[in-house]
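Coordinate inspection notes
Take a look at the letters that make up each chain.
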Amino acid sequence: MIDVLKAEIEACEICKDRFAKTATTHAPRPVFWGSDAAPILIAGQAPGARVHRSGRPFDDPSGDRLRLWLGVDRKVFYDRMKFAIVPMAFCFPGYNARGADLPPPAICGQTWHDRVFAAMPQIQTRIYVGGYALRWHMNKHNVTEAVAGWREHAPLVFPLPHPSWRNTGWLKKHPWFEAEVIPALRARVLEVVS
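What comes next concerns the included structure. The residue count restarts for each chain, going from 1 along the sequence in the order it is written. Whole-chain, interface and lining totals are the exception, using all residues; otherwise, since this is a predicted model, local features are given only for residues with pLDDT of at least 70 and side-chain atom pairs are given and counted only at 80 or more. Side-chain measures here rest on the full set of heavy atoms in the structure, leaving out hydrogens and waters.

**Structural notes on helix α1 (residues 2–10)**
- Accessible area is worked out with a 1.4 Å probe on protein chains only. A residue is then buried under 20% of its type maximum, exposed over 50%, and partly exposed in between. Numbering of helices and strands runs from the N terminus; a helix is a DSSP stretch of H or I covering at least four residues, while a strand is a stretch of E covering at least two. Restricting attention to buried positions, one finds in α1 the residues Ile2, Leu5 and Ile9. Down the axis of α1, the sector holding all buried residues measures 60°, keeping them to one side. Opposite its buried face, α1 presents the exposed residues Asp3 and Val4, each directed more than 90 degrees away.
- Note on contacts: a residue pair qualifies if any of its non-hydrogen atoms lie within 4.5 Å across the two residues. As for α1, its buried residues are in contact with α6 (106–118). The arc in question is traced by the directions running from the helix axis to the C-beta atoms.

Next comes the structure, spelled out in structure tokens:
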């Protein structure tokens, strides 16, 4: 079932006209890293330009930081028997005229997420990364409050800020994140993927 769904998602072009109107004028390239075996789900935002080119989720500096937070290397991270990665939008949304990231189109999640999550009942731990994922999956509109309340959901759910370099200031302002959340997250990842 997951292979059929993967093929359908990778052929999706519902945002073709939308992407053609962005500053990047790119074509859709859905990046699907679903798995019907992985015990850990990473629900993120949307692929960036580098991921659009490589076809691998979090194949960028944000991914390097996320893997550091998880305590895993690239080999473990990209093992579909360990991790499923489902963003809010499967394609790079593009940039606006000022070079800023466009938000993930809501139509992607509306079209695919129910089917994707139904195809992955084996998930034991969900890691929600960034504001868009926190709003969709947890109905949380404040990243700091969502992440600060991590104990209410652990070890089944971990809300995280986005690992982008743009959030380095947030990390410095909230040292409790690396002191408290990261050790608990790493322990859960190790427990589940071992």
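Continuing now.
**Looking at the nonpolar core**
- Core analysis: the biggest nonpolar cluster contains 27 residues, and Ile42, Leu70 and Ile127 have the highest contact counts within it.
- Counting residues per element, the ones that place at least two in this core are β1 (40–43), α4 (61–70), β2 (83–85), β3 (125–129), β4 (157–160), α9 (168–173) and α10 (176–193).
- No other element matches α10, which puts 7 residues into this core.
- Sequence-distant contacts of Ile42, defined by excluding residues within four places in its chain, comprise Phe58, Leu66, Leu70, Phe77, Phe83, Ala84, Ile85, Val86, Ile127 and Val129.
- Grouped together as the second largest cluster of nonpolar side chains are 25 residues, Val86, Cys108, Ile123 and Leu134 included. Nonpolar cores were defined as sets of buried Ala, Val, Leu, Ile, Met, Phe, Trp, Tyr and Cys residues, with membership established by side-chain atoms within 4.5 Å.

**Let's talk about the pairing of β4**
- With burial as the criterion, each face of β4 is covered, one bearing Val157 and Pro159 and the other bearing Phe158 and Leu160.
- Paired strands, as defined in this entry, are two strands with at least two bridges between them according to DSSP. Strand direction decides the pairing type here: β3 and β4, joined by 4 bridges, are parallel. Residue pairing across strands places Arg126 opposite Val157, the latter belonging to β4.

**So, the pairing of β3**
- Along β3, 4 of the 5 residues are buried, which leaves the element largely enclosed by surrounding structure.
- Two elements, β1 and β3, share 4 bridges in a ladder whose sense is parallel. Residue pairing in the sheet places Ala43 in a bridge with Tyr128 of β3.

**Examining the pattern of salt bridges**
- The term salt bridge refers to a side-chain nitrogen of Lys or Arg lying within 4 Å of a carboxyl oxygen of Asp or Glu. In the structure shown here, the tally under the stated rule is 8 salt bridges.
- Across the pair Glu8 and Arg115 runs a salt bridge whose closest N-O atoms are separated by 2.9 Å. Highlighted residues: Glu8 in helix α1 and Arg115 in helix α6, separated in sequence by 107 residues.
- The exposure class of Glu8 is partly exposed, given its relative accessible area of 32%.
- For Asp79, the salt bridge identified is with Lys82, shortest N-O distance 3.5 Å.
- By relative accessible area, Asp79 is classed as partly exposed at 24%.

**Notes on the side chain of His113**
- Inspection of the secondary structure puts His113 in helix α6.
- Within the structure, His113 has its side chain in polar contact with the backbone oxygen of Pro87 (distance 2.9 Å). Under the rule applied, a polar contact is a pair of N or O atoms within 3.5 Å (in protein, one hydrogen donor and one hydrogen acceptor; residues adjacent in sequence only if both atoms are side-chain atoms).

**Section: the side chain of Thr22**
- Relative to the helices and strands, Thr22 is located in the loop between α2 (16–20) and β1.
- Setting aside residues no more than four positions away along its own chain, Thr22 makes contact with Pro93, Gly94, Tyr95 and Leu102.

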